[in-house]
Structures are given as C-alpha cells and as structure tokens.
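Inside the fold
Chain by chain, the residues:
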Amino acid sequence: MPGTPRPAASAATHCPYCALQCAMRLTAATGLTVQARDFPTNGGGLCQKGWSSTGVVTAPDRLTRPLLRGNGGELVPVSWEVALDHIAATIREMQREHGKDTVAVFGGGGLTNEKAYQLGKFARLALGTRFVDYNGRFCMSSAAAGANRAFGLDRGLPFPLADLGGADAILLLGSNPAETMPPFVRHLAPVRGRGGLIVVDPRRSATAALTEDGSGLHLAPRPGTDLALLLGMLHLLLAERLIDRAYVEARTEGFEEVAASVGLWWPERVEQVCGVPVIDLQSAVRRLAAAAPAHGGRGAYILTGRGVEQSSQGTATVTAAINCALALGLPGRTGSGYGALTGQGNGQGGREHGQKADQLPGYRSIEDPAARAYVAGVWGVDPEVIPGKGVPAVELLRRLGTSGGPRALLVHGSNVVVSAPNAERVTERLRALDLLVVADVVPSETALLADVVLPVTQWAEEDGTMTNLEGRILRRRKAIEPPGEARSELWIWAELASRLRAPSTWPTEPAAVFAELAEASHGGVADYSGLTHDLIDATEAAGHGCYWPVPDAPDPSAVPDGGHGTPRPFLDGFPRPSGRARAVSVTYAEPADNVRAGAPLYLTTGRLLHHYQSGAQTRRVAELVASAPEPFVALHPLLADVHDIAEGDLVAVTTGRGTAYVRARVTADQRPDTLFMPFHWGGLGSANRLTNDRTDPVSGMPDFKVCAASIARVSAAVPELEVIA
Ligand SMILES: Nc1nc2c(c(=O)[nH]1)N[C@H]1C(S)=C(S)[C@@H](COP(=O)(O)OP(=O)(O)OC[C@H]3O[C@@H](n4cnc5c(=O)[nH]c(N)nc54)[C@H](O)[C@@H]3O)O[C@H]1N2
Ligand SMILES: Nc1nc2c(c(=O)[nH]1)N[C@H]1C(S)=C(S)[C@@H](COP(=O)(O)OP(=O)(O)OC[C@H]3O[C@@H](n4cnc5c(=O)[nH]c(N)nc54)[C@H](O)[C@@H]3O)O[C@H]1N2
Ligand code: SF4
Ligand SMILES: [Mo]
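Residues numbered from 1 in each chain as written. Chains lettered and ligands numbered in written order. Predicted model: local features only at pLDDT ≥ 70, side-chain atom pairs only at ≥ 80, totals over all residues. Heavy atoms only, no water.

**Topic: the pairing of strand 27 (residues 659–666)**
Selection criterion: By definition, two strands form a pair when at least two bridges between them are found by DSSP. Only DSSP runs of H or I reaching four residues or more are called helices, and only runs of E reaching two or more are called strands; each is numbered from the N terminus.
Bridge analysis of strand 25 (residues 632–635) against strand 27 gives four bridges, and the strand direction is parallel. Bridge pairing in strand 27 links Val-633 to Ala-664. For strand 26 (residues 650–654) and strand 27, the ladder comprises five bridges, and the chain directions are antiparallel. Note on strand 27: the bridge partner recorded for Ala-652 is Tyr-661.

Structure representation (structure tokens):
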C-alpha cells in the first residue's frame, strides 16, 4: 500500500512544493493528514497545493518497484539487485568504450540539500563525468549570475521576508506570488496599505490585480522588454536627481559608467519599445524613490521573478534591476533591498552544493584549484580525480545521443519531457540515448521513456534539510514509511558507487550526509559548517531557523533579530574583493524570436495556482485537477474576435518549434498582442512544444517567457486531436 503510516506518528515538517516551504505538521493515523503550522514565512497559511499535498503520497500509480525495459519494449518490475547491476554494468561498458563523459546526470532543485550534495559527488567521483547540471538552470540561473556578479553572493532574498512589511514601496518584476506563493501575499499587506505595490507583468495577473484597490500600480510591458523598461527607470532616476549619491560613492563601483550608458533611454523611447505610458513609468520611479531611505522613506525593495529572468537577456535584465536598486541605495540596508524570489522547494540549497555544471559544494567553483584541493581533501581523493566543468542544462540536453555527446543519462528530480524548452527536441534526444535511468516517485512523462525507472522516497517519507527562498535552512522530517520497495536516493547512490568501485565513503543516513556537506561547505560562500540536523531542529524550535552563511554553531537559547546565522548578509559590506557592490552596464536587444509577419503575437508562459511545474505531482491530486483540468491558451477578446475564436474553442498555437492544440480562454487580462499558456501539461497541449531553447550567454537560461506565435481556430474533426477534442 502506498504511504503506509507509522501508527500515530506526527512530524513537524515543510511543504513538498515551492520555495516558501510553508510549515506544516503531518499526522499519520488512519491516513496522512496535513495541518498548517505557524512560522514567520507562512504565518499559519498554506495554499491549495500544500493542503492537498498528501494526494501525491497516495497516488494510485505511485512507483513502488524498480522497472526495467524488457526485450518486448515494456517496462517490467525487477528486483533492486537486477536494476542496479544492470545500470552499473551498462555504465562500465559504455565508459570503457566511450570514456567517462559518456554518462551525464540531470538533477533537480526539489532534492534535499543532502541529495543535491551527494548527487554532485556521485557524478564527479562514482561516474567521473563532467556532465552534470539540473533544472535550476531553467529557474534561478539568471538571478544567480546577476547577484553573484553584483554582490559576490547569490542568496535569493538576502533578508527575512518579514522585512518587506516595513517598506513604503515594492517593485515586483515578473513575479506572480498571489498564485505561485499565496501565503507570501501577507507580507505585502503593509506596503499595499501605503499604496506602494508596483507590479510589472504583461498580464493582469492575480498579483497585478492586487494593485487595483488603489494600493499600487500595474505596468504591462510587451513581453521580453523589461530590460528597456529598467534602463528607462535608471535614466529617469538620474534625470530627476533621485540617486542616493552618498550610498553610490561609499558602497558601489562601476556606477558612473552605468549612468552614462542609459543616456538614450528617455521615457518616450521606453514607451515605444515597451508600450508602457510615460506617465506610468514616471509615477513608478517617483514612488520608488520617495520610499528610499535617502529621501526619508521607510524603505523600498526591488524583487524579480521568472517573468523577467527566463529570457536570453535574463542576466542583463537582473543586472539592470540591481543597478536601479544600487542607484536608490537599497541593497545591504535594513528595511530595503534587492532580491530574486526563488521558486523550487530547495531551489536555493539545490544551487549551492555541487549539482551545477561548474560547481563544488559550498558554492565553490570547480575551476578554482584551492576549492578543488579542499573538497578533494574532504572526499579523501586526489584533486586530479575531480573532473572539470560541464555544460549548462539546455546544452547538455542538446548534446545527448549526438556524436561525441553523452549516450547515457541519469535523471533525479526533473520531468524534462514537459518542462524543458523546445521539448519535442528534448524527447528526440532522450530517445537517442543508449541508457536512460529516471528516479522518480511517479511515472512522469520522462520516466515513461526510461530504460530503467527507480522508485524513490518523497517528502513525507524522508528526513533531510531544505533551504528556503530566504536562505533559511529548515528540516524535512519523516512521517511515514515509503511504499513497497521505494528507496532513498542516498541508498541508491551508495549502492551504485560500490558497484562502480568509487573512491570515498557513501553514507546513507541524511544526518551523516549533512555532516559531510557541512564540512565540505566550510570556508565556501554558502557555508553551512556551523550546523547539524539537531541544531537546525533547535533553531526552528526557537522560532526562526537559521540563515547561511553559518560558520559557527548557533546558540538556540538566544534568538537574534530575524533569526540565527546571517539573516541580512550585506549589512557590513558585500563579499567582493572591494567590499562594494558592482554596477555593470548592460544593453537591450529585441527578443531573439521576435514578432513578425506570420508570427505576429507574443507567446508567454507561466504558472497556475493549482499545478506545480511539469504537473507530474499535481496532475495526480484529484482536487487540483478538478480546479484546473486541462491546458489552455489565454487571449484577449479583441484578438479572439479577429480570429473568430470563442471561449472553449479548440485552437492551434504555432511557433518556430511546432504547434500545440489547446482550448481558448478569452480574457481581457491579456494584452491584445500576447498569448499566455501554462506549462503544467505534456502531450499536444504542452507549452514547451512551442518555447525557444535559445539561451542567455551568461547564465544558460532559455527564453521561456517570449517567442513569436500565431493562433488559429481548428476543427475538432482533426483525427490526431480526438483525445483532446
Ligand atoms: N502554483 C505554483 N506555484 C509555484 C510553481 C508552480 O509551478 N506552480 N513553481 C515554483 C517555481 S519553481 C518557481 S520558479 C516560481 C515562479 O514564480 P513566478 O515567477 O511568480 O511564476 P511565473 O508564472 O513563471 O511568472 C511570473 C509572471 O511573469 C509574467 N511574465 C511573463 N512574461 C513576462 C515578461 O516578459 N515580463 C514580465 N515583467 N513578466 C512576464 C507572467 O505573466 C507571470 O504572471 O513559482 C514557484 N511556485
Ligand atoms: N514554458 C515554461 N517552461 C518552464 C518554466 C516556465 O515558466 N515556462 N519554468 C521552469 C522552471 S522555473 C522550473 S523550476 C522547471 C521545473 O520543471 P521540472 O524540472 O520538470 O520540475 P517538476 O515538475 O517539479 O519535476 C520534478 C520531478 O521529480 C519528481 N520528484 C519529486 N521529488 C523527488 C525526489 O526527491 N527525487 C526524485 N528523483 N524525484 C523527485 C517529481 O515527481 C517530478 O516528476 O520548469 C521550467 N520550465
Ligand atoms: S505556497 Fe508553496 S510552500 Fe506554501 S503551501 Fe503552497 S506550494 Fe506549499
Ligand atoms: Mo523554478
């Protein structure tokens, strides 16, 4: 039986889904039940996904046995011995013939810190491959690249969420927390009360709608033009002499060059490029400036989300947002700041411990000789053994099964068939592999293509740690036994490491893996070395948890302002050689796949409240499916009229990559020139059949948020569409 409860067990843990990591209690009696817990992040609230999260534990098709593709092409249940022996033998043979790099690894930002750490170590030491990357490349890579370059450190929010409540203005760029993190909205209440919420989104999203009670301002630019908007904002700040000169002089470098670079971005030009009226731009800039400490305000924040980051200009756009924040003197001050809202459950920790192509634990560079020597010491190997850097996710997927590219792939925690850009091509690449191994809790679209499927434990069934969007390290606690033969990935990697005769030791207990992770992170940017599972428990029990960097063991009996560790890392300076933040000038370019004759509409993509990511989990929860049963495209009534499309009609949306077939949803929340599709479904209605896999040169982020498209009504008589007609 899936999810057999341990009698009367009860565990204080956090939600399995997003980076807000709302606090919950799981109680296992006759079934598994969820209660919300009070914690500073969620204030006792959960969204519908959190409330219904046990639905994934009891999913009827939960994976409970290893599966191996038989000669007839069917996936058949086998023992763990058979599955693991097959993987190890195949890998050994392939590597003998083609070299170590013939095997690649794809990880996930939903994995616990312990698993993310062990996966990076497994790739480098047990497989000896440089090809490891993960789905965070689709998520936080632009924000991470921008923050690392400007501040020397990438912690999504370098301040506690509760700090937002003290501000007079918040500029929210391309983020829709009213749907993607509903309990977060409570932190916006005070600023809304002061009329200071400014939302930049081409759609009238649920978050944009929050501004309509007179509490703020909604700017709706053309998709993919945010960089121009931000250059225009900085231009206005300079023109209207709203810069915090004292801060710029004391705490930044490179600002004068940046100031000179925005000279041509006068508001009328911004209006032309972005479609945002001059008066709205002025009003946004003035509200923000009035809130800044230099002008006597209570404080201001600039926050970015995937709407501006998921672009082939993502790093430049984040940089432009940071430049505005520096101009206003916000980062590194209590009550003001810049931050990026991390998305996945462990999106923050998942990008710190070594599952990135160029990274070693502690957010160290795999190309830094000192870092290699230190981590090799912890692992008990020669630094020479650690491979060099690999390639970012989109490039990795592109190379699979090509001549000279990897011929085997191990996937742990991602459903790329649905979530990667230009997904049809990704599917082709996966089919071209000699060995595809997918570890998952359910038969995701990607698992169904695999040669070997490994059933793994999920949140309610495991211990570990997660680092939330504020860099707060939290405990995940086990409430029930895993179903059938599902096993932890820590055990799987230990078994494979032993079969592959890997060096080093491979603990399987999460607390032991954490101890090793902490040691490996010591002295790195993301330093967890002061912590243990027990100390995290104690700091959570004291009310706040603990923020990295945390080089020294915290004392849970004293509760400092904001929490243990380092709630606000930039107060005394930025961790760069000069101690100053770096302003970097950036230039705007039109979207890579811009509107044109034949493809006159912008297509943008994003999320719905009721589904999570590729939908592998939430499409298995009945109450969520009832609320959001199928994919759709949202379009404006004027556009619908032009194409003779009515609500509920079946339509074809076509881009340079292909065509998707979905129902039309007609709504004035859209710009008339812009289509919106959620990406939570696979098959013919999948948004990622359409998206562009061109990437940002700095971060490797693909262009999920803008490409050129056309739309047409289709007849339900098309035979291949009968399934959705
Ligand atoms: N319900 C739900 N919640 C989630 C998730 C989920 O799948 N479902 N996923 C989690 C994860 S991993 C992440 S990364 C976060 C993401 O959280 P968000 O960043 O809030 O999510 P998105 O819906 O991808 O994008 C936000 C907004 O960007 C807008 N947008 C689109 N194009 C543009 C543009 O060109 N410019 C601007 N300014 N805005 C644009 C969209 O209309 C959308 O309203 O959510 C997390 N929470
Ligand atoms: N068009 C478009 N595409 C997008 C985006 C967009 O805005 N627009 N957003 C992008 C973003 S921000 C993200 S984060 C990605 C996310 O997209 P994916 O990487 O596909 O994320 P999930 O759907 O969460 O997939 C996680 C998989 O891991 C499984 N799983 C859960 N826990 C575990 C575990 O502990 N171990 C293992 N092995 N498996 C586990 C789940 O069942 C699921 O199948 O999508 C990206 N794709
Ligand atoms: S907001 Fe995120 S963490 Fe909170 S209940 Fe919803 S999905 Fe879970
Ligand atoms: Mo994400």
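**Brief notes about the sheet that holds strand 21 (residues 546–547)**
The sheet built from four strands is open, its strands ordered 19-20-21-22 with mixed pairing. Looking at strand neighbours, the two that pair on one side only are strand 19 (464–467) and strand 22 (564–565), the edges of this open sheet. Alignment of strand 21 against strand 22, held across two bridges, turns out to be parallel. By the bridge assignment for strand 22, Tyr-547 is matched with Gly-565.

**Considerations on the site of ligand 3**
Put simply, the rule reads: The near set for a molecule or strand comprises every residue that places at least one heavy atom within 4 Å of it. In this classification, Asp, Glu, Lys and Arg are treated as charged, Ala, Val, Leu, Ile, Met, Phe, Trp, Tyr, Cys and Pro as nonpolar, and every other residue, Gly included, as polar.
Taken together, Cys-15, Tyr-17, Cys-18, Gln-21, Cys-22, Leu-46, Cys-47, Lys-49, Gly-50, Met-181, Pro-182 and Pro-183 make up the full set of residues near ligand 3. Classifying every residue of the shell around ligand 3 gives nine nonpolar, two polar and one charged.

**Concerning the site of ligand 1**
Let me state the cut-off plainly: Nitrogen and oxygen atoms within 3.5 Å of one another constitute a polar contact, given that in protein one can donate a hydrogen and the other can accept it, and given that sequence-neighbouring residues count only through two side-chain atoms. Residue-level accessible areas treat just the shown protein chains as cover; the underlying method is Shrake-Rupley with a 1.4 Å probe.
Asp-201, Asp-226, Arg-607, His-611 and Gln-613 are the nearest of the 32 residues found near ligand 1. A distance of 2.6 Å separates a nitrogen atom of ligand 1 from a polar atom in the backbone of His-611. Within the backbone of Gln-613, an N or O atom sits 2.6 Å from an oxygen atom of ligand 1. In isolation ligand 1 offers 900 Å² of accessible surface; the protein chains occlude 99% of this area.

**Observations concerning the sheet that holds strand 7 (residues 132–134)**
Short version of the rule: For every element, the axis is a line fit to its C-alpha atoms; helices are fit only across the contacting stretch, and the angle between N-to-C directions ranges from 0 to 180 degrees. Note on contacts: a residue pair qualifies if any of its non-hydrogen atoms lie within 4.5 Å across the two residues.
Here seven strands make up an open sheet; going across it, the order is 5-4-18-17-16-6-7 and the pairing mixed. Whereas interior strands pair on both sides, the edge strands pair on one side only; in this sheet they are strand 5 (75–77) and strand 7. Each adjacent strand pair in this sheet contributes to an overall mean axis angle of 20°, direction not counted. In terms of strand pairing, strand 4 (residues 67–69) meets strand 18 (residues 452–455) through two bridges, oriented antiparallel. Residue pairing in the sheet places Leu-68 in a bridge with Val-452 of strand 18. Along the sheet, helix 3 (residues 80–98) makes contact with strand 4, strand 6 (103–107), strand 16 (408–412), strand 17 (435–440) and strand 18, crossing strand 18 at roughly 135°.

**Looking at the pattern of salt bridges**
The line we're drawing: In what follows, salt bridge is the name for a side-chain nitrogen of Lys or Arg lying within 4 Å of a carboxyl oxygen of Asp or Glu. The classification of residues rests on relative accessible area computed with a 1.4 Å probe and restricted to protein chains. Under 20% of the type maximum is buried, over 50% is exposed, and intermediate values are partly exposed.
Applying the stated criterion to the full structure yields 42 salt bridges. One salt bridge in this structure joins Arg-398 and Glu-395, with 3.4 Å as the shortest N-O distance. One end of the pair, Arg-398, and the other, Glu-395, are both in helix 17 (residues 393–399), three residues apart, so they sit about a helical turn from each other. Overall, Arg-398 belongs to the partly exposed group, its relative accessible area being 30%.

**Some thoughts on helix 16 (residues 369–379)**
The condition that has to hold: It is the directions from the helix axis to the C-beta atoms that the arc portrays.
Residues of helix 16 that are buried include every one of Ala-371, Arg-372, Val-375, Ala-376, Val-378 and Trp-379, and no others. Angularly, the buried residues of helix 16 cover 155° about the axis, an arc narrow enough to put them on a single face. Summarising the geometry of helix 16, the exposed residues directed more than 90 degrees from the buried face are Pro-369, Ala-370 and Gly-377. Lining the buried residues of helix 16 we find helix 4 (113–127), strand 14 (359–360), strand 15 (364–365) and helix 21 (510–521). The N-terminus of helix 16 is capped by Asp-368, whose side-chain oxygen sits 3.0 Å from the backbone nitrogen of Ala-370. Looking one or two residues past helix 16, Gly-380 carries a phi angle of roughly 70°, positive in sign.

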